[in-house]
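Chain and residue survey
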Amino acid sequence: LVTTREEERRRLRRDLHDGLGPQLASQALMLNTARKLLRHDPDTAETLLGEATTQAQEAIGNIRRLVYALRPPALDDLGLVGALHEQVAHYHASAVQITLDAPVHLPPLPAAVEVACYRIVQEALTNVIRHAQAATCLVRLVVEDRCCLEIRDDGRGFAPHARAGVGLTSMRERTEELGGTCLIESAPNQGTRIVMQFPLT
């Protein structure tokens, strides 16, 4: 966990120092040049201001990407259940009927558990849509003494000895790094069931 955290800090430092920092510095220089040219060369100044506007929009996009990588804004705006409903709604046009079974109100959850649940559902739904050839998918969230997340589909499944893909491996790692357990059940033409349990302390 310490190593993972330090790698994430290194990634953030690199993104801020090598990407966003020079972008903002260049923008400030461009605005300063445009200000000096405004009186005697308004056409060039206007061109520079247009480029500065474009750079500002790109910088905003980069900031949003960095923030989203840290914690999805939907969790703070909508709460975990609302954010999961939003995810499910993204796939309403797909051929898979996705159902979310979750309580209307949740007790306060550790921030890391919220992010893990959100990212796992995101990854699971992507897998179902792309690979499972399923007709239905159920996402169930239950919070009692532990937080239990279940994703089940009626797709083509896979053999028990099949090598786990990046998505399933990522789900397992996210769960285990929080002290939780991850159970993956599947068989050819029998669908897939994934159950994760997280401690709440």
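It should be noted that the structure appears before, not after, this text.
Attention here is on the structure that accompanies the text. (Residues numbered from 1 in each chain as written. Predicted model: local features only at pLDDT ≥ 70, side-chain atom pairs only at ≥ 80, totals over all residues. Heavy atoms only, no water.)

Observations regarding the side chain of Glu-150
Locating Glu-150 in the fold gives a position in strand E3 (residues 146-153). At 3.0 Å, the side chain of Glu-150 and the side chain of Arg-193 are in polar contact. Beyond its immediate chain neighbours, meaning those up to four positions away, Glu-150 contacts Leu-138, Val-139, Arg-140, Arg-193, Ile-194 and Val-195. (Helix = DSSP H or I, 4+ residues; strand = E, 2+ residues; numbered from the N terminus. Polar contact = N/O pair within 3.5 Å; in protein donor to acceptor, adjacent residues only side chain to side chain. Contact = heavy atoms within 4.5 Å.)

Remarks on the environment of Ile-184
Looking at the element boundaries, Ile-184 is found in strand E4 (residues 181-186). Residues Ile-184 and Ala-74 lie 110 residues apart in sequence; the distance between their C-alpha atoms is 27 Å. Excluding residues that lie within four positions of it along the chain, Ile-184 makes contacts with Phe-158, Leu-168, Arg-172, Arg-193 and Ile-194.

Remarks on the pattern of salt bridges
Scanning all chains against the criterion turns up five salt bridges. The closest approach of N and O atoms between Asp-101 and Arg-140, which form a salt bridge, is 3.1 Å. Of this pair, Asp-101 sits in strand E1 (residues 97-101) while Arg-140 sits in strand E2 (residues 136-143); the two residues are 39 residues apart in sequence, bridging distant segments of the chain. Owing to a relative accessible area of 35%, Asp-101 belongs among the partly exposed residues under this scheme. Residue Arg-140 is classed as partly exposed on the basis of its relative accessible area of 26%. A salt bridge links Arg-193 to Glu-185; the shortest N-O distance between them is 3.0 Å. With a relative accessible area of 37%, Glu-185 lands in the partly exposed category. Shared partners join several salt bridges into a network, and the residues in it are Asp-101, Arg-140, Glu-150, Arg-152, Glu-185 and Arg-193. (Salt bridge = Lys/Arg side-chain N within 4 Å of Asp/Glu carboxyl O. Buried < 20%, exposed > 50% of the residue type's maximum accessible area, 1.4 Å probe, protein only.)

Description of the sheet that holds E2
What the five strands build is an open sheet, ordered E1-E2-E3-E5-E4; its pairing is mixed. Only two strands of the sheet have a single partner each, and these edge strands are E1 and E4. The average angle at which neighbouring strand axes cross in this sheet is 10 degrees, direction not considered. The sheet strands contacting helix H3 (residues 73-90) are E1 and E2, and the helix crosses E1 at an angle near 175 degrees. (Pairing = 2+ DSSP bridges. Axes fitted to C-alpha atoms, helices over the stretch in contact; angles between N-to-C directions.)

Considering the packing of helix H4 (residues 111-132) against helix H5 (residues 166-176)
Between H4 and H5, the least distance of the axes is 10 Å, while the angle of their chain directions is 165 degrees. Regarding the angle of H4 to H5, the classification is roughly antiparallel. The element H4 and its partner H5 pack so that their crossing is left-handed. Touching Ala-116, Arg-119, Ile-120, Glu-123, Ala-124 and Asn-127 of H4 are Gly-167, Leu-168, Met-171, Arg-174 and Thr-175, all from H5. Here the contact of H4 with H5 is composed, by residue class, of five nonpolar, three polar and three charged. (Parallel < 35°, antiparallel > 145°, perpendicular 65-115°, else oblique. Left-handed = near helix turned anticlockwise from the far one by under 90°. Nonpolar A, V, L, I, M, F, W, Y, C, P; charged D, E, K, R; others polar.)

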